[in-house]
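Here is what each chain is made of, one letter per residue.
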Amino acid sequence: MTKQQVLRGGTLVTLEGDKGYGLLEGGAVAIDGDTIAWVGPLADLPEAYAHWDVTELEGRLVTPALTDCHTHLVYGGSRAREFEMRLEGASYEEIARAGGGIASTVRHTRDADEGALIAQSLPRLDALLAEGVTTVEIKSGYGLDRETELRLLRVARKLADLRPVNVVTTFLGAHALPPEWQGTKAEYIAQVCLPTLRAAHAEGLVDAVDGFCEGIAFSATEMEPVFAEAQKLGLPVKLHAEQLSHQGGIQLAAKYGALSADHVEYATEADAEAMAEAGMVAVLLPGAFYAIHETQAPPVAAFRQHNVPMALSTDANPGTSPLTSLLLTMNMGCTLFRMTPEEALRGVTVNAAKALGFSDRGRIVAGQRADLNIWNTSSPAELSYRIGFNPLHARIFGGQA
């Protein structure tokens, strides 16, 4: 039987509209199964909902549940020793020559079977869920061969069967050249990446397609065949773009109507204009900015000026952002990028959902999915203000606590 319930007597952060928290003190939310049926002041609760099950909020804060829209959550091994080596004075080149860097993760990932990858990934996923995440994107990209890339996507799908969470899978075969590859980047794309993408799509394993457009990865020209193939398959695209330098990735992404451009530290005002025209989201990843000691922040002012929605995400990965706290990510967005707490909250709710192509979550309004968080606070700014503190009281996924 479909559960019908009313949450009442709290402060609702509806995020209705494009600006402001949409605060509703003394509010109520009627939930019919997995859908929000009604939102408003408790005093106006319609009689039709008066006999539904009741949860007393006791003044607590209710927000949309959180979405982590850019992660590399499934991988094998650890890069903790490399972190230690860097602090001992080793250069990235020295670490790479010793078999470290992405080659290390690729090696450990290829050696891990599905069971091992699930066992290693679940604690990382559980850390996100404990902070109120209900939707998470998971990329491939640490296999760089057909067999392992497909295994990563299968594992990502299975995680959604093991936990109450919606998992969005993204194919990232154009992440880097595999260490054993002897041909050109274009040949890798044609001979490995594109056939693997087709196989993943045929198996129903992929929801979107991504790539890494950077001097150390693939140029915009090299990336274009991947986006063209995604377009043929009916898959949306997104792009790691302008992270370490300006490579023209955003313009390519805009040309293909991408969902988002991610990192974007070196984006220009012209890029912001192109993103606005294409309806793209700027996904900001302060964990990577922090971990690699980047000094150039994303052009937040330009995104504001051109009304480009800004999302925030952990970028959870073993090398450049070993971060599995979206609450800390919110604080970093404010302290490192000078975002406001309202922008940070929108960045992990409605804008993060938009970066994944969803319009059915991220706000507390009738008709949205009943993915909600109840917090032991009455102020939304608390969620960005605190460091290393989790005030989550309850997480509701599809109407179920």
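Residues numbered from 1 in each chain as written. Predicted model: local features only at pLDDT ≥ 70, side-chain atom pairs only at ≥ 80, totals over all residues. Heavy atoms only, no water.

**Here's the deal with the layout of surface pockets**
Argument step 1. One number sums up the size of the second largest pocket: a volume of about 440 Å³.
Argument step 2. Taken together, 17 residues form the lining of the second largest pocket, with D18, K19, P309, R346 and N351 sitting closest to its centre.
Argument step 3. Contributing elements (two or more residues each) for the lining of the second largest pocket: α11 (300-305), α13 (341-347) and α14 (350-355).
Argument step 4. Tallied by class, the residues present in the lining of the second largest pocket amount to five nonpolar, four polar and eight charged.
Argument step 5. Residue contributions to the lining of the second largest pocket reach at least three from each of two domains, namely domain 1 (4-64 + 364-396) and domain 2 (66-356). (1 Å grid on protein atoms, 1.4 Å probe; cavity = no way out; pocket = protein on both sides within 12 Å on 5 of 7 lines; lining within 4 Å. Points joined across faces, edges and corners; volume = space filled by probe spheres on them. Helix = DSSP H or I, 4+ residues; strand = E, 2+ residues; numbered from the N terminus. Nonpolar A, V, L, I, M, F, W, Y, C, P; charged D, E, K, R; others polar. Domains from an automatic or database assignment.)

**Structural notes on the packing of aromatic side chains**
Argument step 1. Scanning all chains against the criterion turns up seven aromatic pairs.
Argument step 2. Ring plane angle 40 degrees and centroid distance 6.4 Å describe the contact between W38 and Y49, whose orientation is recorded as tilted. With W38 in strand β3 (residues 35-41) and Y49 in the loop between β3 and β4 (53-56), this pair connects stretches of sequence that are eleven residues apart.
Argument step 3. Residue classification places Y49 among the buried positions, given a relative accessible area of 15%. (Phe/Tyr/Trp six-rings, centres within 6.5 Å; stacked < 30°, edge-to-face > 60°. Buried < 20%, exposed > 50% of the residue type's maximum accessible area, 1.4 Å probe, protein only.)

**Some thoughts on the side chain of T14**
Argument step 1. Of note, T14 is situated in the loop between β1 (4-13) and β2 (23-32).
Argument step 2. When residues no more than four places from it in sequence are discounted, the contact partners of T14 are Y21, G22, V39, R363 and I364. (Contact = heavy atoms within 4.5 Å.)

**Topic: the sheet that holds strand β8 (residues 166-174)**
Argument step 1. Strand order in the open sheet made by the eight strands is β6-β7-β8-β9-β10-β11-β12-β13, with parallel pairing throughout. The open sheet is flanked by β6 (66-68) and β13 (310-312), the only strands paired with a single partner. Pairwise comparison of adjacent strand axes, ignoring direction, gives a mean angle of 25 degrees for this sheet.
Argument step 2. Relative to strand β9 (residues 208-213), β8 runs parallel, the two sharing three bridges. Within β9, the position partnered with A174 by the bridge is G211.
Argument step 3. Where helix α5 (residues 146-162) meets the sheet, its contacts fall on β7 (133-139) and β8, and the angle it forms with β8 comes to roughly 170 degrees.
Argument step 4. Running over the sheet, helix α12 (residues 326-337) touches β6, β7, β12 (281-284) and β13 and is turned about 130 degrees from β13. (Pairing = 2+ DSSP bridges. Axes fitted to C-alpha atoms, helices over the stretch in contact; angles between N-to-C directions.)

**A few points about the packing of α5 against helix α6 (residues 185-202)**
Argument step 1. Running from N to C, α5 and α6 point in directions that differ by 35 degrees, and their axes come no closer than 10 Å. The element α5 and its partner α6 pack so that their crossing is right-handed. Where α5 approaches α6, its residues R146, E149, L150 and L153 are matched on the opposing element by P195, T196, A199 and A200.
Argument step 2. Each residue belonging to the contact of α5 with α6 can be placed in one class, and the counts come to five nonpolar, one polar and two charged. (Left-handed = near helix turned anticlockwise from the far one by under 90°.)

**Regarding the domain arrangement of the chain**
It is common to report an interface's size as the accessible area lost on association of the parts.
Argument step 1. Taken domain by domain, the chain holds domain 1 (4-64 + 364-396) and domain 2 (66-356).
Argument step 2. Look at where the C-alpha atoms of domain 1 and domain 2 centre, and you get two points 31 Å apart.
Argument step 3. Contact residues are listed per partner, giving 26 residues for domain 1 and 21 residues for domain 2.
Argument step 4. Area buried by domain 1 at its contact with domain 2 is led by L15, S384 and R395, which between them contribute 35% of it.
Argument step 5. Along the contact surface separating domain 1 from domain 2 lie zero salt bridges.
Argument step 6. The interface formed by domain 1 and domain 2 includes ten residue pairs in polar contact (both at pLDDT 80 or more).
Argument step 7. Of all the elements in the fold, those that place two or more residues in the side of domain 1 that touches domain 2 are β5 (61-64), β14 (372-375), α15 (382-385) and β15 (392-396).
Argument step 8. Partitioning the side of domain 1 that touches domain 2 into residue classes produces 14 nonpolar, six polar and six charged. (Buried area = accessible area lost by both parts, 1.4 Å probe. Salt bridge = Lys/Arg side-chain N within 4 Å of Asp/Glu carboxyl O. Polar contact = N/O pair within 3.5 Å; in protein donor to acceptor, adjacent residues only side chain to side chain.)

**Overview of the UniProt feature "binding site: Zn(2+)" (unreviewed entry) in the chain**
Argument step 1. Taking the numbering used here, the UniProt-annotated feature "binding site: Zn(2+)" (unreviewed entry) corresponds to H70, H72, H240 and D315. Spatially, the listed residues are clustered: although they cover 246 residues, their C-alpha atoms lie within 12.3 Å of one another.
Argument step 2. Within the element layout of this structure, H72 appears in the loop between β6 and α1 (80-87).
Argument step 3. Every residue in contact with H72, bar those within four places of it in the chain, is listed here: K139, S140, Y142, L172, H175, H240, D315, A316 and N317.
Argument step 4. In this structure the side chain of H72 is engaged in a polar contact, spanning 3.3 Å, whose partner is the side chain of H70.
Argument step 5. Take H240: it is sitting in strand β10 (residues 238-241).
Argument step 6. Once residues within four sequence positions are removed from consideration, H240 is found in contact with H70, H72, K139, L172, D210, G211, F212, C213, D262 and H263.
Argument step 7. Here H72 takes part through its side chain, which lies 3.5 Å from a polar atom of the side chain of H240. (UniProt positions renumbered as here; feature names shortened; annotations may be inferred.)

**Observations regarding the nonpolar core**
Argument step 1. Counting 91 residues, the largest nonpolar core has M223, L284 and F303 as its most contacted members.
Argument step 2. Per-element accounting of this core gives the leading share, eight residues, to α6.
Argument step 3. A domain-level breakdown of this core finds at least three residues from each of domain 1 (4-64 + 364-396) and domain 2 (66-356).
Argument step 4. Setting aside residues up to four positions removed in sequence, M223 forms contacts with A174, D210, G211, F212, C213, F218, L239 and L252. (Core = buried A, V, L, I, M, F, W, Y, C linked by side-chain atoms within 4.5 Å.)

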